Amino acid sequence: APRLVPAFSRIGEENAFAVLARATDLAREGRDIINLGIGQPDFPTPDHIVEAAIKALRDGHHGYTPATGILPLREAVAADVERRTGVAVSPDEVIVVPGGKVTMFMAILMFGEPGAEILYPDPGFPIYRSMIEFTGATPVPVPIREENGFAFSAAETLALITPKTRLLILNSPANPTGGVTPKAEIDALVKGLEAHPHVAILSDEIYSQMSYDGLQHVSLLTYPSIRDRLILLDGWSKTYAMTGWRMGFSLWPKPWGDAARKLAVNSYSCVNASAQWAGLAALTGPQDAVHAMVAEFDRRRKIVVDGLNQLPGVSSVVPKGAFYAFPNIRATGWKAKPLASALLEKAGVATIGGPDFGVYGEGYIRLSYANSAENIRRALARMGEFLGANP
Ligand code: PLP
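Counting restarts for each chain: residues are numbered from 1 in the order of the written sequence. The predicted origin of the model limits local features to residues at a pLDDT of at least 70 and limits the giving and counting of side-chain atom pairs to 80 or more, whereas totals for whole chains, interfaces and linings rest on all residues.

Inclusion rule: UniProt positions are given in the numbering used here, feature names are shortened, and annotations may be inferred rather than shown by experiment.
Per an unreviewed UniProt entry, the protein carries the name aspartate transaminase and comes from Labrys okinawensis. In the Sequence similarities (unreviewed entry) part of its UniProt record, the protein is described as follows: "Belongs to the class-I pyridoxal-phosphate-dependent aminotransferase family."

This is the structure in structure tokens:
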């Protein structure tokens, strides 16, 4: 019988989608399920963005666009990144992609091969490891530790670099922990990376506009010494509540940008034209919806953390970014995946077990607070009841 190449026995996936499917099935059976599993804003895309897509369709934007995205959009991305980071960016560096995920897919394809080592955060977004394995490269997890506020440790990261390291993946603010790596730690990391010019850097900054407690986002783009080997991943999905539009953007050093453009030409050709016009409206229009959404996440963050810390055997550090809490559940006596599964089946609360984000995720579960304050309170009450009855 025809058989797939071995790479497909190594590729993984995102368990969040399986949890969502199970939660949807249970809801269809009539169960009342509160979904704290899914990593997407519970807000609609702001109206003026939706209108821009409709207008683009009416105006006849029905054809292919340049593979890297329409010029006005790439100009708007460059201006937006420049406004937020203070770093001059050329539209030629920008590639618009169908979702932030595609940037990591491309970057990992560019540097992954048997014998290569790729460093990635663990716990971290599961697609990093999956794609590294797909290419045959060796995944090297960088432990992201609770006692370090779920930030990268510069010393620990640098100690893992070898002559075989080809790519280092960074992510702050982070999924699944909500951790934000402080500027001093990034300074130290970049300083150390200067001694390892053979290492490319992919900085996943998809949560760049979701930091709390007055923290300013620190982009890796603001470090000139690594600019010529930095790939910046960002996009519209989280900031503008546009996960289903499949829109992301990335900045690439020139030769790698050419390779990315060729991957686009060889696969999806270009991002949906009307979505690109929507993306332009998002960047150039009013930003109040973004600020309102982040303020609401901040309010819920406090409810989640306070509530978690009152549950028996549960403790949560205060997440500084994104919209996730990653409580330590060791003292409940439960392993993380059985607990997440029991919470869904028995208590009607969808969460994700930490091991779905890496080997260092055991002992934790991820809760997304992209759900109403009322639902979050109800979910916490159900979790308390469940843990009280099932110690
Ligand atoms: N990077 C991180 C850390 C994420 O959490 C996600 C989405 O969950 C993505 C990238 C992918 O974003 P997109 O939906 O734009 O592909």
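1. Concerning the pairing of strand β6 (residues 200-204)
Looking down a regular strand, the side chains alternate between one sheet face and the other. To keep things clear, this is the line we draw: With C-beta atoms placed from the backbone, the exposure class of a residue follows from how many other C-beta atoms lie within 10 Å of its own: 20 or more, buried; 12 or fewer, exposed; in between, partly exposed. Runs of H or I in DSSP of at least four residues are treated as helices and runs of E of at least two as strands, each being numbered from the N terminus. In this analysis, strands are considered paired if DSSP registers two or more bridges between them. Assignment of crossover handedness uses the view with strands pointing away from the viewer, where a clockwise path from the first strand over the helix to the second indicates a right-handed crossover.
Burial analysis of β6 places 5 of its 5 residues in the buried class, which makes it a mostly covered element. Residues A200, L202 and D204 of β6 are buried on one face, and the alternating residues I201 and S203, pointing to the opposite face, are buried as well. Here 5 bridges tie strand β5 (residues 165-171) to β6, and the two strands are oriented parallel to one another. Residue L167 lies in a different strand from β6, and its bridge partner there is A200. Once the chain exits β5 it traverses helix α8 (residues 183-193) before rejoining the sheet at β6, and the crossover so formed is right-handed. The pairing of β6 with strand β7 (residues 230-235) spans 4 bridges and is classified as parallel. Counterpart to L202 in the pairing with β7 is I231.

2. Some thoughts on the site of the ligand
The cut-off we apply is this: Any residue qualifies as near a molecule or strand once its backbone-derived C-beta atom lies within 6 Å of it. Throughout this entry, Asp, Glu, Lys and Arg are counted as charged residues, while Ala, Val, Leu, Ile, Met, Phe, Trp, Tyr, Cys and Pro are counted as nonpolar. The remaining residues, Gly among them, count as polar.
Near the ligand lie 13 residues; those nearest to it are G99, G100, K101, N175 and S237. A per-class count over the shell around the ligand returns 2 nonpolar, 9 polar and 2 charged.

3. What to know about helix α10 (residues 273-284)
Helical periodicity: at 3.6 residues per turn, an α-helix aligns residues three or four positions apart in one direction. Selection rule: A helix's residues, less one, multiplied by 1.5 Å, set its expected span.
Its 12 residues place the ends of α10 17 Å apart at the C-alpha level, agreeing with the 16 Å of an ideal helix rising 1.5 Å per residue. Counting buried positions over the 12 residues of α10 gives 9, a clear majority of the element. Considered for burial, the residues of α10 that qualify are A275, Q276, W277, A278, G279, L280, A281, A282 and L283.

4. Looking at the pairing of strand β3 (residues 117-122)
With respect to burial, β3 is a largely interior element, 5 of its 6 residues being buried. Two elements, β3 and strand β4 (residues 138-143), share 6 bridges in a ladder whose sense is parallel. Bridge assignment links E117 to a residue of β4, and that residue is T138. What joins β3 to β4 is helix α6 (residues 126-135), and the crossover it makes is right-handed. As defined by bridge partners, β3 adjoins β5 across 3 bridges and the pair is classed as parallel. Note that in β5 the partner of I118 across the bridge is L167.

5. Focus: the domain arrangement of the protein
Stated precisely, the cut-off is as follows: Annotation comment: domain bounds sourced from an automatic or database domain assignment. In this description, any two residues whose backbone-derived C-beta atoms lie within 7 Å of each other are considered to be in contact.
By the assigned domains, the protein splits into domain 1 (7-44 + 288-389) and domain 2 (63-284). Distance from the C-alpha centre of domain 1 to the C-alpha centre of domain 2: 25 Å. Taken together, the contact between domain 1 and domain 2 spans 36 residues of the former and 36 residues of the latter. Tallying contributions element by element places helix α11 (residues 288-309) first for the side of domain 1 that touches domain 2, with 6 residues. Here the residues of the side of domain 1 that touches domain 2 sort into 19 nonpolar, 9 polar and 8 charged.

6. Topic: the sheet that holds strand β11 (residues 352-353)
An order of β9-β12-β11 is seen for the 3 strands of this open sheet, with the pairing classed as antiparallel. Here the strands that pair on one side only, and so sit at the sheet edges, are β9 (324-325) and β11. As paired strands, β9 and strand β12 (residues 365-368) are joined by 2 bridges and run antiparallel to one another. Following the sheet pairing, Y324 is matched in β12 by S368.

7. Overview of the environment of N15
Topologically, N15 is positioned in helix α2 (residues 15-28). Look at N15 and you get partly exposed, because 17 C-beta atoms sit within 10 Å. Between the alpha carbons of N15 and I226 there is a distance of 34 Å; along the sequence they are 211 residues apart. Excluding residues that lie within four positions of it along the chain, N15 makes contacts with P126, I352 and D356.

8. Remarks on the packing of α11 against helix α13 (residues 373-389)
In a packed pair of helices, the relevant descriptors are the angle between the two axes and the axis-to-axis distance. Our working rule: In this description, a line fitted to the C-alpha atoms serves as the axis of each element, helices being fitted only across the stretch in contact, and the angle between N-to-C directions of two axes falls anywhere from 0 to 180 degrees. These descriptions rest on fixed angle ranges, namely under 35 degrees for roughly parallel, over 145 for roughly antiparallel, 65 to 115 for roughly perpendicular, and the rest for oblique.
Interhelical geometry of α11 versus α13 gives an angle of 5 degrees and a closest axis separation of 10 Å. It follows that α11 is roughly parallel to α13 by the angle criterion. Contact residues: α11 offers R299, R300, I303, V304 and G307, while α13 offers A373, I376, R377 and L380. Here the residues of the contact of α11 with α13 sort into 5 nonpolar, 1 polar and 3 charged.

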